[in-house]
Amino acid sequence: MEKFILDENRLKSVEDNYKAIRYRIEESAVKAGRNPDDVRLMAVTKTVESVYINSALDLGADLIGENRVQEYLGKKDELHLDGVEKHLIGHLQTNKVKQIVGEVDMIESVDSVKLAKEISRVSLNKGITTDILVEVNVGREESKSGIYLEGLEELLLEIAEMPSIKIKGLMTIPPICDTDAEVSQYFEAMHQTFIDIRDKKLDNVNMDILSMGMSGDFEAAVANGSNIVRVGSAIFGARKYF
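Computed from a prediction, not measured in an experiment: that's the story for all the values here.

A.B. asks: Mind showing me how you'd approach the pairing of strand E1 (residues 40–44) here?
C.D. replies: Taking burial as the measure, the five residues of E1 include four buried ones, the bulk of the element. Of the pairings in the sheet, the one linking E1 to strand E2 (residues 63–66) comprises two bridges and is parallel in character. Residue Val44 lies in a different strand from E2, and its bridge partner there is Gly65. In this view, the connection linking E1 to its parallel neighbour E2 by way of helix H2 (residues 50–58) has right-handed handedness.

A.B. asks: Looking at this model, I keep getting lost on the side chain of Ser215. Mind explaining?
C.D. replies: By secondary structure assignment, the location of Ser215 is in the loop between strand E7 (205–211) and helix H8 (218–223). For Ser215, the side chain forms a polar contact with the side chain of Ser233, separated by 3.4 Å. At 3.1 Å, the side chain of Ser215 and the backbone nitrogen of Ala234 are in polar contact. Once you skip the residues sitting within four places of it in the chain, Ser215 turns out to touch Arg230, Val231, Gly232, Ser233 and Ala234.

A.B. asks: Would you mind going over the nonpolar core with me for this structure?
C.D. replies: Soluble globular proteins: nonpolar side chains tend toward being buried together. Ranked by internal contacts, the top residues of the largest apolar core, which has 66 residues, are Ile107, Ile119, Ile159 and Leu170. Broken down by element, the residue count for this core peaks at six residues, all from helix H7 (residues 180–200). Contacts of Leu170, omitting those with residues within four sequence positions, involve Leu133, Val134, Val136, Leu152, Leu156, Met190, Phe194, Met207, Ile209, Leu210 and Ser211. Counting nine residues, the second largest nonpolar core, distinct from the first, contains Met42, Val44, Leu133 and Ile209.

A.B. asks: How should the pattern of salt bridges be read in this particular structure?
C.D. replies: Per the stated rule, a full pass over the model turns up 17 salt bridges. In this structure, the salt-bridge partner of Lys75 is Glu66, at a minimum N-O distance of 3.2 Å. Like Glu66, Lys75 is buried. Between Lys144 and Glu141 there is a salt bridge, with the nearest N and O atoms lying 2.7 Å from each other. Each member of the salt-bridge network shares a partner with another, and the members are Glu66, Arg68, Glu71 and Lys75.

Definitions and cut-offs
Residues numbered from 1 in each chain as written. Predicted model: local features only at pLDDT ≥ 70, side-chain atom pairs only at ≥ 80, totals over all residues. Heavy atoms only, no water. Buried < 20%, exposed > 50% of the residue type's maximum accessible area, 1.4 Å probe, protein only. Helix = DSSP H or I, 4+ residues; strand = E, 2+ residues; numbered from the N terminus. Pairing = 2+ DSSP bridges. Right-handed = clockwise from strand over helix to strand, strands pointing away. Polar contact = N/O pair within 3.5 Å; in protein donor to acceptor, adjacent residues only side chain to side chain. Contact = heavy atoms within 4.5 Å. Core = buried A, V, L, I, M, F, W, Y, C linked by side-chain atoms within 4.5 Å. Salt bridge = Lys/Arg side-chain N within 4 Å of Asp/Glu carboxyl O.

Encoded structure:
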């Protein structure tokens, strides 16, 4: 195993980047006529070593997102997680549900009845309720997970019947776009869907959270109603794959 060597320059850049992203979120919110306090910054920790994650946590980051079950479980004991909310944001296989339920505060990537049923079953067995977001494939991309918009309400109604699972809102990853205007169309469609579902007041379907926007497009997401932006590389630098 390769020996870890602390990069002091990267440590400093994490601090600078985190503060800069916070400032940009606040500016975007104000420009959109929103309260900056209504938008949460999630530090996305995929492939990031614990020391750099802790740097962001010590600066006040209170929400982290991890993509992989094993990676999160492998480093959580090294993290300064007091008062920090933890979300799983990557695709979740049903055979990994037992390992992650109870370890995170929310699973953002629920996109099928099958996965929701397993989360419900495991949560019931553990005597807890698991908060989830339903992932929407807003760009209808075959390479991405997520329910298409036309199937969303039916999925929400099915999940709402399940015990020990609580729908808290929606999450999406739009297609890669060349312009802010292009990506904004996807964010706008998601926000309108979010509002429409909220206005229907469906039983056990809460539309509290709209999680959208990442390192390259979070300002456009904030302008279009997102209240969680998931930022990784813009805080921690380019990901390293081992």
